[in-house]
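What follows is the residue order along each chain.
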Amino acid sequence: QVQLLESGGGLVQAGGSLRLSCAASGATFSSYGMGWFRQAPGKEREFVALITWSGRSTYYADSVKGRFTISRDNAKNTGYLQMNSLKPEDTAVYYCAAGLGPSTREGDYSAWGQGTQVSVSS
């Protein structure tokens, strides 16, 4: 079973950028697809982006398309979420997740990190 640990969250002004990292351990990271999800206060957790195990395919929620970029470095067992042009509505706890296949559904991911807070001020 893979274990995940996110980092890189923080407070940023609207229009700014952050890069989240997701460090994997305990299993072969390259065997897993990876997703990023987020949960804003008072809201359900929602899908943000996914990347296949090879890194060749990605998919984004409409709300972040063109602003966020998901990537991975299997040699470093690490995934990333580059977030540009941040908006106050991007404020949330961001989670990375690992699963066997590319999916936008939470239930298809078997491993989750503890989350990292991203706060965007206006």
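Residues numbered from 1 in each chain as written. Predicted model: local features only at pLDDT ≥ 70, side-chain atom pairs only at ≥ 80, totals over all residues. Heavy atoms only, no water.

1. As for the packing of aromatic side chains
So, step 1. One pass over the structure, following the stated rule, counts 5 aromatic pairs.
So, step 2. Each ring, one from Phe37 and one from Tyr109, has its centre 5.3 Å from the other, and the planes form 80°; the classification is edge-to-face. Taken together, the positions of Phe37 in strand E4 (residues 33-39) and Tyr109 in the loop between strand E9 (92-99) and strand E10 (111-112) put the pair 72 residues apart, joining distant regions of the chain.
So, step 3. Overall, Phe37 belongs to the buried group, its relative accessible area being 1%.
So, step 4. With relative accessibility at 6%, the residue Tyr109 sits in the buried group.
So, step 5. Summarising the aromatic geometry, the rings of Phe47 and Tyr59 are spaced 6.0 Å apart at their centres and angled 25° between planes, so their arrangement reads as stacked. (Phe/Tyr/Trp six-rings, centres within 6.5 Å; stacked < 30°, edge-to-face > 60°. Helix = DSSP H or I, 4+ residues; strand = E, 2+ residues; numbered from the N terminus. Buried < 20%, exposed > 50% of the residue type's maximum accessible area, 1.4 Å probe, protein only.)

2. As for the environment of Ala49
So, step 1. As for its placement among the helices and strands, Ala49 is situated in strand E5 (residues 46-51).
So, step 2. Distance in space between the C-alpha atoms of Ala49 and Ala61 is 6.2 Å, their sequence separation being 12 residues.
So, step 3. Once residues within four sequence positions are removed from consideration, Ala49 is found in contact with Met34, Gly35, Trp36, Tyr59, Tyr60, Ile70 and Leu81. (Contact = heavy atoms within 4.5 Å.)

3. Considering the pairing of E4
So, step 1. Where burial is concerned, most of E4 is hidden: 6 out of the 7 residues are buried.
So, step 2. Note: E4 against E9, 7 bridges, orientation antiparallel. Across the sheet, residue Gly33 finds its bridge partner in E9, namely Gly99.
So, step 3. Strand direction decides the pairing type here: E4 and E5, joined by 5 bridges, are antiparallel. Within E5, the position partnered with Trp36 by the bridge is Ala49.
So, step 4. Here E4 folds back onto E5, and the loop between the two strands holds 6 residues, one of which, Gly42, carries a positive phi near 75°. (Pairing = 2+ DSSP bridges.)

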